[in-house]
Amino acid sequence: NLFKTLPHADQSCFFKTSCSVSPISCPETVGGGNWTYFSASCWFYGRNIYDVVQYPIGLVDTDWGGTPVEAWSSPDALAKCGKYTSSRKADGKAPSPDQPSVLWNAMIYPLLNMTIKGAVWYQGEANAGDPSTYNCTFPAMIDDWRGKWKNASQHTSSLFPFGFVQLAAYGSDNSSSFSPGFPVIRWAQTADYGFVPNPRLRAVFMAVAMDLGDPSSPFGSIHPRDKQDVGLRLALAGRAIAYGDSEVYFTGPLATTATMSTDMQEVVVEYTSLAGSEVELRYSYGFELGCSDATWLDATATAADSNKVMVGVPACAAGAMPTALRYCWRSDPCSFKLCPVYSGDLPSPPFQMNLT
């Protein structure tokens, strides 16, 4: 690994094209030694894009660890979600980096005159303790950045591509909820659709990272070290959404329906967006059946066939009926690259849906 920096801090990375930076940025070309001042995810994203487009990709990194989305949002964006921001703390002292709009003012607003191609984002952990409004605040922030960048720079698109990393695994026990806000944030990052782009998040792309957990990381499991795969997955999606490459496979299988069999012995999950037109079942765990008494029961995937995965139906409590299915709804849902469902080596993102 080229980097000794913290493998992840809450960060944004803005990418420009056709600028006069070295096409191959590395320790040797920028002064030698280990880098301690730049995002590894951002660098690997840019390097993977450059390898394909073969012209320089300029990268601008702005980050501050342990901060909520509200800190990166303008007062206008927060107002869209019924949130209030103040420039002063209650005790009259200077605001801290985790307060609403502080990092927007200090680290985003000064960049608005810059013309950018797009942005990638890696944040969400700091909102996992109270994830209830993230499905509003995150899309509202994207909308607001786009509008303000367009107004300030004139040459930046009002719908510039915006990519993000769906939160990686946290913890070391995929049988435990551990931090229940993590799966909620992953879902909210997609504006509750489960995938991007979607009608609420246009020109948005993501890298699924829940199978890239790192429980032995010296920085703690919340800071996984594998940013090569994060950057690669972001770049695959960026090539499709930001650079219009219609040939690249950039998303894992997307669940469309979950249908109970007539004998009520299995649920058939159908998928779309497949590489090679079929799903790959790597492991049997990860599915949960929802019952009408609001309980969730572990369910085992039994087989895969073309675009379908069959999931066994555990017995709900007496008087309760199966009503829903969810997938990888854990803080640490699966071991390294061993989530249940893949296609083209990309994992299916988490989902929750009612049974049909």
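On a predicted model such as this, the values are computed, not experimentally measured, just so you know.

What counts and what doesn't
Residues numbered from 1 in each chain as written. Predicted model: local features only at pLDDT ≥ 70, side-chain atom pairs only at ≥ 80, totals over all residues. Heavy atoms only, no water. Helix = DSSP H or I, 4+ residues; strand = E, 2+ residues; numbered from the N terminus. Contact = heavy atoms within 4.5 Å. Areas by Shrake-Rupley, 256 points an atom, 1.4 Å probe, with all protein chains shown as cover. Axes fitted to C-alpha atoms, helices over the stretch in contact; angles between N-to-C directions. Parallel < 35°, antiparallel > 145°, perpendicular 65-115°, else oblique. Left-handed = near helix turned anticlockwise from the far one by under 90°. Buried < 20%, exposed > 50% of the residue type's maximum accessible area, 1.4 Å probe, protein only. Expected span 1.5 Å × (residues − 1). Pairing = 2+ DSSP bridges. Salt bridge = Lys/Arg side-chain N within 4 Å of Asp/Glu carboxyl O.

With respect to the overall build of the protein chain
Working step 1: The number of helices and strands found in the protein chain is 6 helices and 16 strands.
Working step 2: For the protein chain, restricting intrachain contacts to residue pairs at least 6 apart in sequence, the fraction spanning at least 24 positions comes to 73%.
Working step 3: Only carbon and sulfur atoms are counted for the fraction: they give 51% of the accessible area of the protein chain, which is about 15000 Å².

Points about the packing of helix H1 (residues 40-53) against helix H6 (residues 227-241)
Helices that pack against each other are described as a pair by the angle of their axes relative to one another and the distance between those axes.
Working step 1: Axis separation between H1 and H6 bottoms out at 8 Å; the angle between their running directions is 50°. By the angle between their directions, the pair H1 and H6 is classed as oblique. Of the two elements, H1 crosses H6, and the hand of that crossing is right-handed. Every residue of H6 that contacts H1 at Ala40, Ser41, Phe44, Tyr45, Asn48, Ile49 and Val52 is listed here: Lys227, Gln228, Val230, Gly231, Leu232, Leu234, Ala235, Gly238 and Arg239.

Quick word on the environment of Met264
Working step 1: One can find Met264 in the loop between strand S6 (254-260) and strand S7 (266-272).
Working step 2: Exposure remark for Met264: the relative accessible area of 37% places this residue in the partly exposed category.
Working step 3: Sequence separation between Met264 and Gly312 is 48 residues, and the spatial gap between their C-alpha atoms is 9.1 Å.
Working step 4: Once residues lying within four places of it in the same chain are set aside, the contact partners of Met264 are Val313, Met321 and Pro322.

Quick word on H6
Working step 1: With 15 residues, H6 should cover 21 Å at 1.5 Å per step; its first-to-last C-alpha distance of 21 Å lies within 8% of that length.
Working step 2: For H6, the tally of buried residues reaches 11 of 15 residues, placing the bulk of the element in the interior.
Working step 3: Residues of H6 that are buried include every one of Lys227, Asp229, Val230, Gly231, Arg233, Leu234, Ala235, Leu236, Ala237, Gly238 and Ala240, and no others.
Working step 4: On the buried face of H6, the contacting elements are H1, strand S3 (118-122), strand S4 (162-166), strand S5 (204-208) and strand S15 (346-347).

Some points on the pairing of strand S10 (residues 296-299)
Working step 1: Sheet analysis places strand S9 (residues 287-291) next to S10, joined by 4 bridges and oriented antiparallel. Bridged to Leu289 within S10 is Leu297.

So, helix H4 (residues 134-153)
Working step 1: An ideal rise of 1.5 Å per residue puts 28 Å on 20 residues; H4 measures up with 28 Å between its terminal C-alpha atoms.
Working step 2: Of all the positions in H4, only Tyr134, Thr137, Phe138, Pro139, Ala140, Met141, Ile142, Asp144, Trp145, Arg146, Trp149 and Ser153 are classed as buried.
Working step 3: Once H4 ends, the next one or two residues include Gln154, with phi positive near 70°.

Regarding the environment of Leu232
Working step 1: Residue placement: Leu232 occurs in helix H6.
Working step 2: Look at Leu232 and you get partly exposed, because its relative accessible area is 36%.
Working step 3: In this structure the C-alpha to C-alpha distance between Leu232 and Ala207, which are 25 residues apart in sequence, comes to 8.5 Å.

Some words on the pattern of salt bridges
Working step 1: Scanning the entire structure with this criterion turns up 14 salt bridges.
Working step 2: As a salt-bridge pair, Asp76 and Lys148 come within 2.9 Å of each other at their nearest N and O atoms. Taken together, the residues Asp76 in helix H2 (residues 75-80) and Lys148 in helix H4 connect sequence positions 72 residues apart.
Working step 3: We classify Asp76 as partly exposed; its relative accessible area is 47%.

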